Amino acid sequence: MQKNIKNRAFLKWAGGKYTLLDKILPHLPSSSMYIEPFFGAGSVALNADYDKYQLNDINTDLVNLYRIVQTEPERFLLALTPLFTPETNNADFYYQKRKEFNLERDLFSRAILFVYLNRHGYNGLCRYNSSGGFNVPFGRYVKPKLPVKEIQHFAKRFENAEFTNHDYRKVISEAPKHAVVYCDPPYIPISKTASFTQYASAGFSLEDQRELALTAQKYVQEKQLTVVISNHDTSLSREFYQGAKIKSFQAKRFISQNALTRKPVKELIAIFAPK
């Protein structure tokens, strides 16, 4: 399933898989159907070649954005372009647009603001407060990129994809037989003080991690699915993914805000395949 040219997502995304494609794609077998219950920015699907795609995320803003880009890419780009100028790349403007986003109810306008905030906000985070307000701070980038080609490619690539906004359990339980399911959930913390759950609109607990593994095991046998899961390589991961084929590797992902203490982390993919 590997391709020579890697396609980039049009969103910046904490935990994105672009740099790990060479580790993941070889373990995605051939099938007519590819499913992602935790789609995020979509780097894996953008580089995995299948006939049909179901791309799901629990984040309603994200799914709404993708449906609009899928159906109206040129109108979308026309409306987005004025938000990528030197005048729009400052903190005052950013916080005004963030405020507007949190009050906006029109889906098209909300999608435009989501991309502006994503490309100008801090470190590709997508984070909401307890009231549901987007609260990522200004990123202070020199010149945020307007991702024209990436948006156009996304729209063409997924013109016939199904974008859904369900819980992962529903997605996996309703998958057709012999589908390939790639799961990139919020990661298990590598320490008691480290947690990546703020990247998602809702927390993903250790019990959720365990249930994802159990769900994978169940439907791999019932529906002859192949389920591949990415996560940190921890003792808990190994415990949850018993029965799966494990591939471990060092990832060029840095989790500390302190540049002096940043270190690459160990990750794994767990491959649940039918027997």
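Residues numbered from 1 in each chain as written. Predicted model: local features only at pLDDT ≥ 70, side-chain atom pairs only at ≥ 80, totals over all residues. Heavy atoms only, no water.

1. Overview of the UniProt feature "binding site: S-adenosyl-L-methionine" (unreviewed entry) in the protein chain
(1) Moving on: Within this numbering scheme, the UniProt entry marks W13, K17, D57 and D184 as carrying the feature "binding site: S-adenosyl-L-methionine" (unreviewed entry).
(2) Moving on: For K17, the side chain forms a polar contact with the main-chain oxygen of G15, separated by 2.9 Å.
(3) Moving on: Take D184: it is sitting in the loop between β4 (180-183) and α8 (206-223).
(4) Moving on: Once residues within four sequence positions are removed from consideration, D184 is found in contact with G15, K17, F38 and S230.
(5) Moving on: A distance of 2.9 Å separates the side chain of D184 from the side chain of K17, its partner in a polar contact. (UniProt positions renumbered as here; feature names shortened; annotations may be inferred. Polar contact = N/O pair within 3.5 Å; in protein donor to acceptor, adjacent residues only side chain to side chain. Helix = DSSP H or I, 4+ residues; strand = E, 2+ residues; numbered from the N terminus. Contact = heavy atoms within 4.5 Å.)

2. What to know about the pairing of strand β1 (residues 33-36)
(1) Moving on: Of the two faces of β1, the one carrying M33 and I35 and the one carrying Y34 and E36 are both buried.
(2) Moving on: With four bridges joining them, β1 and strand β2 (residues 52-56) adopt parallel strand pairing. The residue bridging Y34 from the neighbouring strand is Y53, located in β2.
(3) Moving on: Pairing between β1 and β4: two bridges, direction parallel. Bridged to Y34 within β4 is V180. (Buried < 20%, exposed > 50% of the residue type's maximum accessible area, 1.4 Å probe, protein only. Pairing = 2+ DSSP bridges.)

3. Thoughts on unusual backbone geometry
(1) Moving on: At N123, a position not held by glycine, the phi torsion is positive, near 60°.
(2) Moving on: The class of N123 is partly exposed, set by a relative accessible area of 44%.
(3) Moving on: Here the phi dihedral of Q224 falls at roughly 55°; this positive angle occurs in a residue that is not glycine.
(4) Moving on: Tracing the backbone shows Q224 in the loop between α8 and β5 (226-232).

4. Thoughts on the confidence of the model for the protein chain
(1) Moving on: Across the protein chain, the average pLDDT comes to 91, with 90% of residues at or above 70.
(2) Moving on: Overall, residues 193-201 carries pLDDT values under 50, and its contacts beyond four positions in sequence, including any with other chains, amount to 18 contacts.
(3) Moving on: Ignoring residues within four places in sequence, the model shows residues 255-259, a span with pLDDT below 50, making seven contacts including any to other chains. (pLDDT = per-residue confidence, 0-100.)

5. So, the packing of aromatic side chains
Here a ring pair, both rings aromatic, is described through the centre-centre distance and the interplanar angle of the planes.
(1) Moving on: Tallying each qualifying case throughout the model produces 27 aromatic pairs.
(2) Moving on: Measuring from centroid to centroid gives 6.2 Å for F39 and F163, while their planes differ by 65°, and the two rings are edge-to-face. Here F39, found in the loop between β1 and β2, pairs with F163, found in strand β3 (residues 162-164); they are 124 residues apart in sequence, far enough to count as distant. Here F39 matches F163 in class, with each residue buried. (Phe/Tyr/Trp six-rings, centres within 6.5 Å; stacked < 30°, edge-to-face > 60°.)

6. Looking at the packing of helix α3 (residues 73-80) against helix α6 (residues 148-157)
(1) Moving on: One way to put it is that α3 packs onto α6 with a least axis distance of 10 Å and a crossing angle of 160°. In terms of orientation, α3 and α6 fall into the roughly antiparallel class. Crossing angle aside, the handedness with which α3 passes α6 is right-handed. On α6, the residues that touch P73, E74, F76, L77 and L80 of α3 are V148, I151, Q152 and A155. (Axes fitted to C-alpha atoms, helices over the stretch in contact; angles between N-to-C directions. Parallel < 35°, antiparallel > 145°, perpendicular 65-115°, else oblique. Left-handed = near helix turned anticlockwise from the far one by under 90°.)

7. Some thoughts on the side chain of N47
(1) Moving on: When you line up the elements, N47 lands in the loop between β1 and β2.
(2) Moving on: With a relative accessible area of 2%, N47 lands in the buried category.

8. Side note on the packing of α3 against helix α5 (residues 107-120)
(1) Moving on: Contact geometry for α3 and α5: axes closest at 10 Å, N-to-C directions at 60°. As far as their axial angle goes, α5 and α3 are oblique. As for the relative orientation of α3 and α5, their crossing is right-handed in sense. Contacts from R75, F76, A79 and L80 of α3 reach α5 at F108, A111, I112, V115 and Y116.
(2) Moving on: Across the contact of α3 with α5, the residue classes break down as eight nonpolar, no polar and one charged. (Nonpolar A, V, L, I, M, F, W, Y, C, P; charged D, E, K, R; others polar.)

9. Let's talk about the environment of P264
(1) Moving on: Along the polypeptide, P264 turns up in strand β7 (residues 264-272).
(2) Moving on: Along the chain, P264 and A251 lie 13 residues apart, while their C-alpha atoms are 5.8 Å from each other.

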